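This is what each chain is made of:
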Amino acid sequence: MKTQLEQIRQAAKEVLETFETKEQIEEARIKYLGKKGELTAILKQMGKLSAEERPVIGQLANEIRADIEETIAKKSAEIKEKELERKLKEETIDVTMPGKEASLGHKHPLSIVLDEIKEIFMGMGFDVAEGPEVEYDYYNFEALNIPPDHPARDTQDTFYIEDNIVLRTQTSPVQIRFMENNKPPFRMIAPGRVFRSDAVDATHSPLFHQIEGLVVDKGVTMADLKGTLEAFAKRLYGEDTKIRLRPHHFPFTEPSCEIDVSCFKCGGKGCPMCKGEGWIEILGGGMVHPKVLKNGGIDPEEYSGFAFGIGLERLVMFRFNIDDMRLLYENDLRFLEQF
């Protein structure tokens, strides 16, 4: 049995010296030291030995096991070092080679138009204000002259969080919050997301964007509203752009109007974009209702103001000739890369 053990030690050393890969080393470990290995097979025969021979053979077997394990560890370290040297040679980086060009993103079409609108109004002295998207019923409706029994609530399709808390259906609540915290005169716009329970289709979405505008000062009239929006339209669509005001009704403005611009594609002659009318509706506005001024803490006897609301998606779709609003939210790179 001693002879067999010594033969295993010698054979293992000779074989291991010739191996060059981790896989070969592992195969050798299993062959000699595994549960069914050659060294284990011999140790299973120790029951046949006398009581005097067992300690001697057991000690020799342990020495041989330790010797083989040491040889395996040494050979594994050599192979690992060689592999590292090979990788370093193969993966050498040439710092003089040009790098790969990074693919950079760019502005979303909604952001492109929104930034232009902000720049236009800021150039006219407007501040940019923000407000919460989860809003109290008071700010979203009641303070804007829309009491609980007002029919306008039926057309809003509101998402209610609680009885008196909603996802805002418009950016108009920012008007009230701004008036509560600022003394006139002031000019502000409030861009932001709004939410209504609309079915998703080419022209409707439960989430969209509005830009609210508010001016309050002494002696403000509809002429100021018209002049402001005319300057805005000319900056956005060109100096030849014209606007027209059509009577309308909003609970929070009186008088109220809808504002059209001359079609920027056909110049007012009539085309598919403007449905042959020569005009395109872009926003609504009017003089701030005295009740709304009062709810904002402003004396309607001393001050007056005008307000307007712009649908951002509508302007973007007209600007880039997009016929389906869903394209603005689907994050399809084939669409976004066109901008």
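It should be noted that the structure appears before, not after, this text.
Our subject in this report is the structure included herewith. Predicted model only: the values in this text are computed from it and were never measured.

Time to look at the sheet that holds strand β1 (residues 127-128). On the basis of which strands lie adjacent, the open sheet formed by seven strands has the order β1-β5-β6-β10-β9-β8-β7 and mixed pairing. Across the chains shown, the open sheet's two edge strands, defined by having one partner strand only, are β1 and β7 (243-250). Pairing of β1 with strand β5 (residues 186-195), which is carried by two bridges, proceeds in the parallel orientation. In the sheet register, Val128 faces β5, and the bridge partner there is Ile189. Packing against the sheet, helix α8 (residues 173-181) makes contact with β5, β6 (207-217) and β10 (304-311), and its axis sits at approximately 140° to β5.

In this structure the tally under the stated criterion is 13 salt bridges. Note that Glu116 and Arg319 form a salt bridge whose closest N and O atoms lie 2.8 Å from each other. In this pair, Glu116 sits in helix α5 (residues 109-123) while Arg319 sits in helix α11 (residues 312-320), placing the two residues 203 residues apart along the sequence. Exposure remark for Glu116: the relative accessible area of 26% places this residue in the partly exposed category. For Arg319, a relative accessible area of 33% translates into the label partly exposed. By sharing partners, the salt bridges in this structure join Arg244, Arg246, Glu258, Asp260 and Glu281 into a single network.

In this section: the packing of aromatic side chains. Under the definition given, this model contains nine aromatic pairs. Seen from their ring centres, Phe121 and Phe126 are 5.1 Å apart, and the 65° between their planes marks the pair as edge-to-face. Each member of the pair, Phe121 as well as Phe126, carries the same accessibility label: buried. Between the aromatic rings of Phe178 and Phe186, the centroid separation amounts to 5.0 Å while the plane-to-plane angle is 75°, which identifies the pairing as edge-to-face. Assessed through its relative accessible area of 8%, Phe186 is described here as buried. Among the aromatic residues, those joined into a cluster by ring pairs are Phe121, Phe126, Phe232, Phe306 and Phe308. In this structure, Arg177 is placed above the aromatic ring of Tyr139, and the distance from its NZ or CZ to the ring centre is 4.1 Å.

Rules used throughout
- Residues numbered from 1 in each chain as written.
- Predicted model: local features only at pLDDT ≥ 70, side-chain atom pairs only at ≥ 80, totals over all residues.
- Heavy atoms only, no water.
- Pairing = 2+ DSSP bridges.
- Helix = DSSP H or I, 4+ residues; strand = E, 2+ residues; numbered from the N terminus.
- Contact = heavy atoms within 4.5 Å.
- Axes fitted to C-alpha atoms, helices over the stretch in contact; angles between N-to-C directions.
- Salt bridge = Lys/Arg side-chain N within 4 Å of Asp/Glu carboxyl O.
- Buried < 20%, exposed > 50% of the residue type's maximum accessible area, 1.4 Å probe, protein only.
- Phe/Tyr/Trp six-rings, centres within 6.5 Å; stacked < 30°, edge-to-face > 60°.
- Lys NZ or Arg CZ within 6 Å of the ring centre and 35° of its normal.

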